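These are the residues of each chain, in order.
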Amino acid sequence: MKSVTVEDLVKRFSLEVLAGATQLHRTIPKTRVHRPGLEFVGYFDFFSQSHLQVLGSKEITYLHTLTEEERNDRIGNIVKYHPPCFVVTRNQEGLKYLMKYCEEEGIPLLRTPQPTNKFIELVDVFLTKSMAQEIAVHGVCVNVSGIGILLRGKSGVGKSETAHTLIRRGHRLVADDIVVLKKISPETLLGTHNGKTKEFLALRSIGLINVSRLYGRKAFQDETRIVLDIELTKWQDHALNNELELVPKFSDYMDIKIPHIEIQLQPGRDVAGLVEAAANNWYLRQQGYSAAEDFMKRLQEE
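What comes next is a walk through the structure. Within any chain, residue numbers begin from 1 and follow the written order of that chain's sequence. Per-residue local features are limited, in this predicted model, to residues with pLDDT of at least 70; the limit for side-chain atom pairs, both in listing and counting, is 80 or more; totals at the level of whole chains, interfaces and linings are taken over all residues. The side-chain values count all of the structure's non-hydrogen atoms but skip hydrogen atoms and water molecules.

Geometry of aromatic contacts follows a simple scheme: Phe, Tyr and Trp rings, the Trp one being its six-membered ring, pair when their centres are within 6.5 Å, and the pair is stacked under 30 degrees between planes, edge-to-face over 60, tilted otherwise. Scanning all chains against the criterion turns up six aromatic pairs. An angle of 90° between the planes, with centres 5.6 Å apart, marks the rings of Phe13 and Phe126 as edge-to-face. Placement of the pair is Phe13 in helix 1 (residues 6–13) and Phe126 in helix 5 (residues 116–131), with a sequence separation of 113 residues. Of the two residues, Phe13 and Phe126, neither departs from the other in class, the shared state being buried. One aromatic cluster in this structure is built from Phe13, Phe119 and Phe126. Only Lys NZ and Arg CZ are tested; either one counts as a charge over a ring when it is within 6 Å of the ring centre and within 35 degrees of the ring normal. Between the NZ or CZ atom of Arg71 and the centre of the ring of Tyr97, over which it lies, the distance is 4.4 Å. One Lys or Arg, Lys100, reaches over the ring of Tyr101 and ends 4.6 Å from the middle of that ring. In this description a helix means any DSSP run of H or I spanning at least four residues, a strand means any run of E spanning at least two, and both kinds are numbered starting from the N terminus. Summary of the burial criterion: residues with accessible area below 20% of their type's maximum are buried, those above 50% are exposed, and those between are partly exposed, where the area comes from a 1.4 Å probe applied to protein chains only.

This is the structure in structure tokens:
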């Protein structure tokens, strides 16, 4: 799992550093944030001390109601666990007591103008993606009508050319050549680029093109959920190319099973059109309709 530092968080969300500026190298080992509540009344049995701690209006208002002695006691009990950092939302003020303890214990104290719930939502997504298990595969990732597809195949088989045709039909490129797959949850696989290849598509005999510059911003998106794995292969004369596929096939990526389809290539075949058909067919299956099952049902009714 990749690590995220407090400094990464500060840069990503433009946070104000109120204390602990020399400790921004500290890592945030957990993906979910925590709002201390019971901890302020002395209950620490289930304290998520490895999580980023968010202090919203509710927490800060409560601390303001305490006497100086009570406040020092409550804050002191929490900081001794040395959580990665504290983030105060809504640009709340009157934080000298927090700054004092955080500076003494070397814990970064940060502040954001964002509302609490909105900030928690954004940070949870950021941490989940940043720390997700990931692998890199050779292929092309595209988004076809909102459906994320991984195109695979041997070098020179036509993956990038197929992606180019799809882009010209109004679909979007996510990554070419190197596709980074991230396991966001036990069922969710995210496809993205590695940063260096962002917006670039390599076409044989043409070279590199920047799809955003050539076809507009709508031709590219940063990431997409992968729901189909399509492998482009050379045509085999004696292969069964019209099977009904009543038994679906799957590819496995980090223990996530993705529906797998093989498309054999032959001069004159509209490969991009077949990819579009596969995407639309997958969507219909999610709605509960299967053309193959419908066809078999009609045969049985005769």
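All right, on to the sheet that holds strand 2 (residues 16–19) then. Any two strands with at least two DSSP bridges between them are considered paired. Read from one edge of the open sheet, four strands run 2-6-5-4, paired in mixed fashion. Only two strands of the sheet have a single partner each, and these edge strands are strand 2 and strand 4 (53–55). Averaged over all pairs of adjacent strands, the angle between strand axes in this sheet comes to 30°, irrespective of strand direction. Examined bridge by bridge, strand 5 (residues 86–88) and strand 6 (residues 109–111) share three bridges and lie parallel to one another. Each residue of the ladder has a partner; that of Val88, found in strand 6, is Arg111. In this analysis, two residues are considered to be in contact whenever any of their non-hydrogen atoms come within 4.5 Å of each other. Only the contacting stretch of a helix is used when fitting its axis, a line to C-alpha atoms as for every element, and angles between N-to-C directions run 0 to 180 degrees. Helix-sheet contacts for helix 4 (residues 96–105) involve strand 2, strand 4, strand 5 and strand 6, and the interaxial angle to strand 2 is about 80°.

Below, the discussion takes up a nonpolar patch on the surface. Exposure above 30% relative accessible area and the absence of a salt bridge qualify a residue for a patch, where like charges join within 9 Å and nonpolar side chains (Val, Leu, Ile, Met, Phe, Trp, Tyr) within 5 Å. The method behind every accessible area is Shrake-Rupley, applied with a 1.4 Å probe, and residues are considered shielded solely by the protein chains displayed. Put simply, a salt bridge is a Lys or Arg side-chain nitrogen that is within 4 Å of an Asp or Glu carboxyl oxygen. A grouping of Leu38, Val41, Tyr43 and Phe46 is seen on the molecular surface, where their side chains present a nonpolar patch of about 450 Å² in accessible area. Mapped onto the fold, Tyr43 is located in the loop between strand 3 (27–28) and strand 4.

Moving on to the packing of helix 3 (residues 68–79) against helix 4. Working note: a packed helix pair is described by the angle between its axes plus the distance between those axes. Two elements in contact, helix 3 and helix 4, have axes whose closest approach is 10 Å; the angle formed by their N-to-C orientations is 35°. Note that helix 3 runs across helix 4; the crossing there is right-handed. Where helix 3 approaches helix 4, its residues Arg71, Asn72, Ile75, Gly76 and Val79 are matched on the opposing element by Tyr97, Leu98, Tyr101 and Glu105. Each residue gets one label: Ala, Val, Leu, Ile, Met, Phe, Trp, Tyr, Cys and Pro are nonpolar, Asp, Glu, Lys and Arg are charged, and the others, such as Gly, are polar. The class makeup of the residues in the contact of helix 3 with helix 4 is five nonpolar, two polar and two charged. Here a crossing is taken to be left-handed if its near helix is turned anticlockwise relative to the far helix by less than a right angle, and right-handed if that turn runs clockwise.

Let us look at helix 6 (residues 159–168). The buried count for helix 6 comes to seven of 10 residues, which makes it a mostly enclosed element. Among the residues of helix 6, Lys159, Ser160, Thr162, Ala163, His164, Leu166 and Ile167 are the ones counted as buried. Two residues or fewer after helix 6 comes Gly170, characterised by a positive phi angle close to 100°.

To continue, consider the pairing of strand 8 (residues 147–152). Counted residue by residue, strand 8 has six buried out of six residues, so it is predominantly covered. Judged by which residues are buried, strand 8 turns out to be covered on both faces: Ile147, Ile149 and Leu151 on one side and Gly148, Leu150 and Arg152 on the other are all buried. Pairing of strand 7 (residues 133–144) with strand 8, which is carried by five bridges, proceeds in the antiparallel orientation. Residue Val144 lies in a different strand from strand 8, and its bridge partner there is Ile147. Here strand 7 hands over to strand 8 after two residues, with Ser145 in that stretch at a positive phi of 55°. Pairing geometry for strand 8 and strand 13 (residues 223–234), over five bridges, is parallel. Counterpart to Leu151 in the pairing with strand 13 is Ile230.

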